[in-house]
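Below are the chains, spelled out letter by letter.
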Amino acid sequence: MKISFVLNGEKRSLEVNPSEILLEVLRKRLGLTSPKCGCDRGDCGACTILLDGKSVKSCLVLAVEVAGHEITTLEGLMQNGISPIQEKLLDNNSFQCGYCAPGFIVAAHELLENNCCPSVEEIREALAGNLCRCTGYTPIIDAIAQVCKCEHEGKKGGCGCEGR
Amino acid sequence: MKEDNQASAKFKYIGKNTKRVDGKEKITGAAKYVDDIDFGNSLLYAAIVESPYAHAKILSINTKKAEKIPGVVRVVTGNEFPFRFGLYMHDRYIFAQDRVRFIGEQVAAVIARDEATAQRAAKLVEVKYEELKPILSVYDALGLSSKKENKRSSEKEFGHNPKNMIHPKLSEYTHVPWFFPQDNSNIAHFRKIRKGDLESGFQEADYILEDEYTVPRYAHCAIETHASVGLCDHSGRLTMWTASQSPHTQRHLFVEALAPLGFTHKDIRVITPYVGGGFGGKAGVSMEILAAALATCVRGLPVKVIWSRSQEFYNTYQRQGVHAKIKMGVKKDGTITALEQLLYWDAGAYVEYGANVVNAAGLSATGPYRIANVKIDSVCVYTNLPPGGPYRGFGYSEFLFGLESHINEMAKKLKLDAVDFRLKNAIAEGDKLAYGASMNPNGLHECITKVAKAIEWGKKYPEDNKNKSNIVHGKGFSLFWKAPAMPPNASSSCFLKFNEDGSLNILLSAMEIGQGYFTVMAQIAAEILSVPPHKIRCETPDTDRNPYEWQTVASHITWSCGNAVKRAAEDARDQIFKLVARALEMQQEDLYLEDEAVKSKKDGKFSLKFSEFIINGIGQKDGTFRGGPIIGRGMFMPEFASAMSDPATGQGGKPNVHYTVGAAAVDLAIDKESGKIKINKVAFAVDAGCALNPDLVKGQITGGLLQGLATVLYEDMRFDDKGKLLNSNFTDYKIPTTLDVPEEIISIIVERPQPDGPFGARGVGEHTMIPAAPMVGNAVEDALGIRIKSMPITAEKIALAVLEKSENGGAGH
Ligand code: FES
Ligand code: FES
């Protein structure tokens, strides 16, 4: 069946069969390889994308379910270049093999959208669905804790957080 | 972050927290892994027909029904590939031949136009089996009916089990000269170490302690599963794309395995894009052989084999389980006089790689201690469980759980402080190792004292004594060491080529598996050539273009490949000096490199930028040019290493190039009721020789430590009584999440230079995982007075042990 949706800001239409998984469609048919497969059953978070701004595990979503919705992958979060989250992750040498990175960045993006400068506890909670076998998480958590969204939007302290 | 290490003061690029040169690719999703590559519409998929039995004879295979399914291209069985291969021992088959040896073993494959069709058709392949009794424990495999009965009637008879052999043709298998398989048994390799005089060592002792410890199997759990694509074109050229730590070793093993089909090294090309985590699991050749073999059956078309998470658990290498029996003798003053370690390894169905884990552990099972009289038997035992193999730590984590637990118990019996006892016996430079060679320079004593200070060793939790709350605290200590385990002639090599603007491409065949070696290699070349690391590109390997590297394992890359890069950079530098001296009539000795230019000690004004000559040469008055593209070449092989030794004693060779050592301690809290452990603080010190990039060393510490903590706190592989793995997914085999990170990690880098390392560096990658289990075991004992002797030390195990202790006042588990 034919479905239409918005992918990284662009309207797309696609013929899919009802059993096709969104992760597979993104990777194999639409050429978006940032979401990765690590388990295919919702355990690892490597396939995390945003569906209408909310993070979901795309291995658990059928392609037909996104008809009429908006999908964002890591590729779509870089339309204004590298984000402040990515910048901090780079500075902190946060990732090792990098396989989990896209999923983490998408999940962290969602977190910061809702909470301009989360505490370490909040970061841990928000990222608990993303597995990383290399880093022990500390360098990832440290990096995200250095990001304050308001600061980067030029309104330091505007959120009541007083910046970082 | 500021560097506080010694090297950073001396060098411009070495010892600095340089940002990863592959960082941008990884945070943008640009980094490509095998499954990210587009192979076009002609890509075929293979599904594997797997054995449902742990041990059975294959009577017949009927592929007719599967072949009839539309979309199926070929069905392939072992009949087409009756070849044996393996890294250290040829005991492995591409597809099972007359018998299957573990549940999940590959018996046949269906190649189809799409994945779903391949999977569906694979279910229609009919295999008839005759079940055999599966051998699921080392005791069964050795013909010892119970754990108690492991005394030997005689050395010669030990383990003989001719009626129930997993590999009846064991005696025909070829293997490296340092393996000693035992005929008519399930013993694939028997590593013996005999040093000094064990009997008199025990006679000298005032106290002797004997005990047993058990470690189960573990899974690597890289987040990327194994993936492999093969394309054999009509000219007979086989190109493989693999998620691998070992492109050249893979090529060599593919050639060996497929040689009967006429393949030679020049016919096979292995391309390895980024790898989504390895930890040893992607070393050697495991499932990749399937894509290689299948590609030869469908010439002209690429064929993909990709493991599901479940297959990743049951049909790749697993960390081997071990049963350890330790007997130690100590004098009143705390001197260890004798050690006997008997290690039975559950090595699984095929041991072509795993037997070398057994070997490495056997050589080093004294731990980092000076012990005059030693007997070690490290025994590699076939079982009908999935193949064992390399996993970060390569056997050291396994034997150290028992040994470091035992050391603590010994200290307790002697009423010695556990840290003082370790300090007294800790190995030092020049001490004689168990196999007779002498210990390399190392900062073990410094690591011990720094960790003791950081964890506030000796400082108790007074509130625990009030006994009101359910929460008790404990501290535990552990030393660790590890040497690279590799053939004596394992080597690395490097080409280094300049570009027009003076930037560099370095060609290597080690693998960027996350450890950050690209960055460190760039730093090494940067230091010698004065080109900043961000102007240096390292690329993932392609065996057609990149020079030889043995494998990215053994934590040897920083050291070995680093040496190759350093030599290549020096070679390029020498060429530059020669050229400039010749073209401009200067003296070579006067020249040096700084800020991407050649400068002169004699003439302060002289400065020739690389970009002015490095490719196009130096112009002469007559309009001619001197020089041409500068290309450096470097290689490294440890020419002093030798695996030759007396099989009866292990004495004589120099099988290990050096050891990296360190110490670690934990401060934890236990809820006595639930048994739950909370890790408050870990202090970890490792002697990196020279930390080329301290930030990356710390990354190894945070990562390896959590991986190690998980093995002791909750991970383990569970099999049923038929040999079937019960927890082959991340719901049932839980690996740590962000919620499991210790509250505080204190990383301490000690730098006692390795004389033959690049800028004094040695590897640290595996080591960060090794002390986790025993230090937790020791802290649990400290908190509760209960010694848990089998891993993992789960909450359930602790809660039950607490209950048992309060009921009958007993200790031990
Ligand atoms: S692949 Fe989707 S959660 Fe693991
Ligand atoms: S960096 Fe390797 S899985 Fe996270």
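No experiment lies behind these values; they were computed from the predicted model shown.

Criteria and thresholds
- Residues numbered from 1 in each chain as written.
- Chains lettered and ligands numbered in written order.
- Predicted model: local features only at pLDDT ≥ 70, side-chain atom pairs only at ≥ 80, totals over all residues.
- Heavy atoms only, no water.
- Helix = DSSP H or I, 4+ residues; strand = E, 2+ residues; numbered from the N terminus.
- Rg over C-alpha atoms; globule rule 2.2 N^0.38 Å.
- Buried < 20%, exposed > 50% of the residue type's maximum accessible area, 1.4 Å probe, protein only.
- Contact = heavy atoms within 4.5 Å.
- Areas by Shrake-Rupley, 256 points an atom, 1.4 Å probe, with all protein chains shown as cover.
- Lys, Arg positive; Asp, Glu negative; His and termini not counted.
- Charge placed at Lys NZ, Arg CZ, Asp CG, Glu CD.
- Pairing = 2+ DSSP bridges.
- 1 Å grid on protein atoms, 1.4 Å probe; cavity = no way out; pocket = protein on both sides within 12 Å on 5 of 7 lines; lining within 4 Å.
- Points joined across faces, edges and corners; volume = space filled by probe spheres on them.
- Nonpolar A, V, L, I, M, F, W, Y, C, P; charged D, E, K, R; others polar.
- Axes fitted to C-alpha atoms, helices over the stretch in contact; angles between N-to-C directions.
- Domains from an automatic or database assignment.
- Buried area = accessible area lost by both parts, 1.4 Å probe.

1. Examining the overall build of chain A
Turning to step 1, where the next piece is worked out: When its secondary structure is counted, chain A shows six helices and five strands.
Turning to step 2, where the next piece is worked out: For chain A, the α and β elements follow one another from N to C terminus as β-β-α-β-β-β-α-α-α-α-α.
Turning to step 3, where the next piece is worked out: For chain A, whose C-alpha radius of gyration is 16 Å, the value lies close to the compact-globule estimate of 15 Å for 164 residues.
Turning to step 4, where the next piece is worked out: By residue count, 55% of the 164 residues in chain A fall in the buried class.
Turning to step 5, where the next piece is worked out: Counting contacts in chain A only where the partners sit at least 6 residues apart, residues at least 24 apart contribute 55% of the total.
Turning to step 6, where the next piece is worked out: When the accessible area of chain A is evaluated, it comes to approximately 6,600 Å², of which 46% is carbon and sulfur surface.
Turning to step 7, where the next piece is worked out: Considering chain A, the positive charge centre built from 17 side chains and the negative charge centre built from 21 side chains are found 3 Å apart.

2. Some points on the sheet that holds strand S8 (residues 126–131) of chain B
Residues and elements named next belong to chain B.
Turning to step 1, where the next piece is worked out: The antiparallel open sheet is built from three strands, whose spatial order is S6-S2-S8. Two strands in the sheet have a free side with no partner beyond their single neighbour: strand S6 (99–100) and S8.
Turning to step 2, where the next piece is worked out: In this sheet, S6 lies alongside strand S2 (residues 56–62) in antiparallel orientation, the contact comprising two bridges. Within S6, the position partnered with Lys-57 by the bridge is Arg-99.

3. Focus: the pairing of strand S2 (residues 10–15) of chain A
Residue and element names in this part refer to chain A.
Turning to step 1, where the next piece is worked out: Where strand S1 (residues 2–7) meets S2, six bridges bridge the pair, whose relative direction is antiparallel. If you follow Val-6 over to S2, its bridge partner there is Lys-11.
Turning to step 2, where the next piece is worked out: Here S1 hands over to S2 after two residues, with Asn-8 in that stretch at a positive phi of 50 degrees.

4. Looking at empty space enclosed by the protein
Residue and element names in this part refer to chain B.
Turning to step 1, where the next piece is worked out: On inspection of all chains with the given rule, the structure shows eleven cavities of 30 Å³ or more.
Turning to step 2, where the next piece is worked out: In this structure, the largest cavity occupies an estimated 620 Å³ of space.
Turning to step 3, where the next piece is worked out: For the largest cavity, the lining is made up of 39 residues, of which Gln-515, Ser-555, Gln-700, Gly-765 and Glu-766 are closest to its centre.
Turning to step 4, where the next piece is worked out: When residues of the lining of the largest cavity are assigned to their parent elements, the largest contribution, three residues, is made by helix H16 (residues 694–713).
Turning to step 5, where the next piece is worked out: Within the lining of the largest cavity, the residues separate by chemical class into 21 nonpolar, 15 polar and three charged.
Turning to step 6, where the next piece is worked out: In this model, the second largest cavity occupies a volume close to 150 Å³.
Turning to step 7, where the next piece is worked out: Lining of the second largest cavity is provided by 16 residues; of these, Trp-178, Asn-359, Leu-363, Ala-643 and Pro-655 occupy positions nearest its centre.

5. Points about the sheet that holds strand S9 (residues 187–195) of chain B
All names here are of chain B.
Turning to step 1, where the next piece is worked out: Sheet architecture is open: five strands sit in the order S9-S17-S16-S15-S10, paired in mixed fashion. In this open sheet, the two edge strands, each paired with only one partner strand, are S9 and strand S10 (207–215). The sheet shows a mean angle of 5 degrees between the axes of neighbouring strands, taken without regard to direction.
Turning to step 2, where the next piece is worked out: Examined bridge by bridge, strand S16 (residues 336–348) and strand S17 (residues 373–382) share ten bridges and lie parallel to one another. Opposite Ala-338, over in S17, you have Asn-373 as the bridge partner.

6. Quick word on the domain arrangement of chain B
Where the parts come together, the accessible area they lose is often given as the size of the interface.
Residue and element names in this part refer to chain B.
Turning to step 1, where the next piece is worked out: One can read the domain layout of chain B as domain 1 (6–31 + 490–636), domain 2 (41–133 + 220–314), domain 3 (136–148 + 155–217 + 318–439) and domain 4 (456–483 + 658–813).
Turning to step 2, where the next piece is worked out: One C-alpha centre belongs to domain 2, the other to domain 4; they are set 37 Å apart.
Turning to step 3, where the next piece is worked out: Contacts between the two partners involve ten residues from domain 2 and, on the opposite side, twelve residues from domain 4.
Turning to step 4, where the next piece is worked out: Both sides of the domain 2 and domain 4 interface together cover about 860 Å² of buried area, and 72% of this is carbon and sulfur.
Turning to step 5, where the next piece is worked out: Summed over the three residues of domain 2 that lose the most area to domain 4, namely Ile-103, Cys-221 and Phe-313, the buried surface amounts to 55% of that side.

7. Some words on unusual backbone geometry
Residues and elements named next belong to chain B.
Turning to step 1, where the next piece is worked out: Here Met-791 and Pro-792 are connected by a cis peptide whose omega angle stands at -5 degrees.
Turning to step 2, where the next piece is worked out: Positioned with a positive phi, Ala-554 is a non-glycine residue whose angle comes to about 70 degrees.
Turning to step 3, where the next piece is worked out: Structurally, Ala-554 can be placed in the loop between strand S21 (536–538) and helix H15 (557–584).
Turning to step 4, where the next piece is worked out: Of note, the phi angle at Phe-759 is positive, near 60 degrees, even though the residue is not glycine.
Turning to step 5, where the next piece is worked out: Within the fold, Phe-759 resides in the loop between strand S30 (744–750) and helix H17 (772–784).

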